[in-house]
Amino acid sequence: MSTSIRKNIIGSGFLAKKFKKNLLNYKKYNVAIYASGISNSLEKNKKNLKKEIYKFKEFLKSNTKQIIYISTYSILDKSRKNKPYVKNKIIIEDIIRRSTHTYLIIRLPEIIGKNKNPNTLTNFFFEKINNDKPFFLFKNTKRNILDVDDAIKKSILLIKKYYKKQKTVNLLNRTFYKSEEIVKTFEKILQKKAIYKKKKFSKNYFNLKNSYFINSNKHYLIKILKKYYLR
């Protein structure tokens, strides 16, 4: 990997790799895309959480480019904003606003793509259903899902639009899906019955202020699940 790419993209996960593949679309802009962090949204280990913040502060000391920080839309979900993983994102967002003159914070929802992270929502459902393993399904919960390709394309447009500005945006699918709807769609494409028990969970509360939406239709969910989970 060249030095120029390392300076433009920070991170080694599948989101960072996708940004690297699209580097030519925004290389002329003097930005550093920070797509690094804890991959498990259920992380509770204080050492790992502190390490994430430390690594970001160290990056900030030597960075001379406009920061494009990839954050999480869970910050605006009252049912999840108090989780340690989300609190860390809030802390880093605050550091950016206090420390930099220009920035773009892009909050993403659940991202679907080819990756081996067992902690993502769809990877979890796929593994359980495909291997006939029982699991708990929380009632009343809704999730916003984006194809990683759509997320990258729209993010690049936002980078161009808000270059040299101060902005925080939510990048979303216009449709929020119930967890049970996602499971039933998996059942349909895998032609397997999911084994689960329903558990009560507090409802999600969503704030759509400062949101940008991708153009999706009623077939979007089944289309992207087929794209990434039908081998």
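Scroll up for the structure.
Residues numbered from 1 in each chain as written. Predicted model: local features only at pLDDT ≥ 70, side-chain atom pairs only at ≥ 80, totals over all residues. Heavy atoms only, no water.

### A closer look at helix H5 (residues 121–130)
So, point 1. Burial of H5 is extensive: seven of the ten residues sit out of reach of the surface.
So, point 2. Along H5, the positions that sit buried rather than exposed are Leu121, Thr122, Asn123, Phe125, Phe126, Lys128 and Ile129.
So, point 3. Here the buried face of H5 lies against strand S5 (110–112), strand S6 (135–138), strand S7 (142–147), helix H7 (179–190) and helix H8 (220–229).
So, point 4. Residue Asp132 follows H5 closely and has a positive phi angle near 55 degrees. (Buried < 20%, exposed > 50% of the residue type's maximum accessible area, 1.4 Å probe, protein only. Helix = DSSP H or I, 4+ residues; strand = E, 2+ residues; numbered from the N terminus. Contact = heavy atoms within 4.5 Å.)

### Brief notes about the sheet that holds strand S11 (residues 211–214)
So, point 1. In space, the six strands of this open sheet follow the order S1-S2-S3-S4-S8-S11, with parallel pairing throughout. Lying at the two open borders of the sheet, with one neighbouring strand each, are strand S1 (9–10) and S11.
So, point 2. Where strand S3 (residues 66–72) and strand S4 (residues 103–108) come together, six bridges link them in parallel fashion. Within the sheet, the bridge partner assigned to Ile68 lies in S4 and is Leu104. (Pairing = 2+ DSSP bridges.)

### Quick word on the sheet that holds S7
So, point 1. Taken in spatial order, the three strands of this open sheet run S5-S7-S9, and their pairing is mixed. Edge positions in the sheet fall to S5 and strand S9 (176–178), since each of these pairs with one other strand and no more. Going across the sheet, the axis of each strand differs from the next one's by a mean of 45 degrees, ignoring polarity.
So, point 2. Across three bridges, S5 lies against S7 in parallel orientation. Note that in S7 the partner of Ile112 across the bridge is Asp147.
So, point 3. H8 contacts S5, S7 and S9 of the sheet and is inclined by roughly 60 degrees relative to S7. (Axes fitted to C-alpha atoms, helices over the stretch in contact; angles between N-to-C directions.)

### Topic: the packing of helix H3 (residues 46–62) against helix H4 (residues 84–99)
So, point 1. Between H3 and H4, the shortest axis-to-axis distance is 10 Å and the interhelical angle comes to 20 degrees. Classified by the interaxial angle, the pair formed by H3 and H4 is roughly parallel. Seen from above, H3 lies across H4 with right-handed handedness. Counting all contacts with H3, which are made through Leu49, Glu52, Ile53, Phe56, Lys57 and Leu60, the residues of H4 involved are Pro84, Tyr85, Asn88, Lys89, Ile91, Ile92, Ile95, Ile96 and Ser99.
So, point 2. Residue classes in the contact of H3 with H4 are distributed as ten nonpolar, two polar and three charged. (Parallel < 35°, antiparallel > 145°, perpendicular 65-115°, else oblique. Left-handed = near helix turned anticlockwise from the far one by under 90°. Nonpolar A, V, L, I, M, F, W, Y, C, P; charged D, E, K, R; others polar.)

### Here's the deal with the nonpolar core
So, point 1. In this structure, Tyr26, Ile33, Phe125 and Phe186 are the most contacted members of the largest nonpolar core, which totals 49 residues.
So, point 2. When near neighbours in sequence (up to four residues on either side) are disregarded, Phe186 contacts Thr122, Phe125, Phe126, Ile129, Gln191, Leu225 and Tyr229.
So, point 3. Within the second largest apolar cluster, 14 residues are counted, among which are Ala32, Tyr69, Ile92 and Ile105. (Core = buried A, V, L, I, M, F, W, Y, C linked by side-chain atoms within 4.5 Å.)

### Some remarks on a positive patch on the surface
So, point 1. Judged by side-chain charge, Lys17, Lys21, Lys114, Lys116 and Arg231 come together as a positively charged surface patch.
So, point 2. Mapped onto the elements, Lys17 comes out in helix H2 (residues 14–21). (Patch = residues over 30% accessible without salt bridge, like charges linked within 9 Å, V, L, I, M, F, W, Y side chains within 5 Å. Areas by Shrake-Rupley, 256 points an atom, 1.4 Å probe, with all protein chains shown as cover. Salt bridge = Lys/Arg side-chain N within 4 Å of Asp/Glu carboxyl O. Lys, Arg positive; Asp, Glu negative; His and termini not counted. Charge placed at Lys NZ, Arg CZ, Asp CG, Glu CD.)

### Brief notes about the environment of Ile129
So, point 1. You can see Ile129 is positioned in helix H5.
So, point 2. Distance in space between the C-alpha atoms of Ile129 and Thr168 is 37 Å, their sequence separation being 39 residues.
So, point 3. Discounting residues that sit within four places of it in the chain, Ile129 has contacts with Phe135, Val183, Phe186, Leu190, Lys192 and Ala194.

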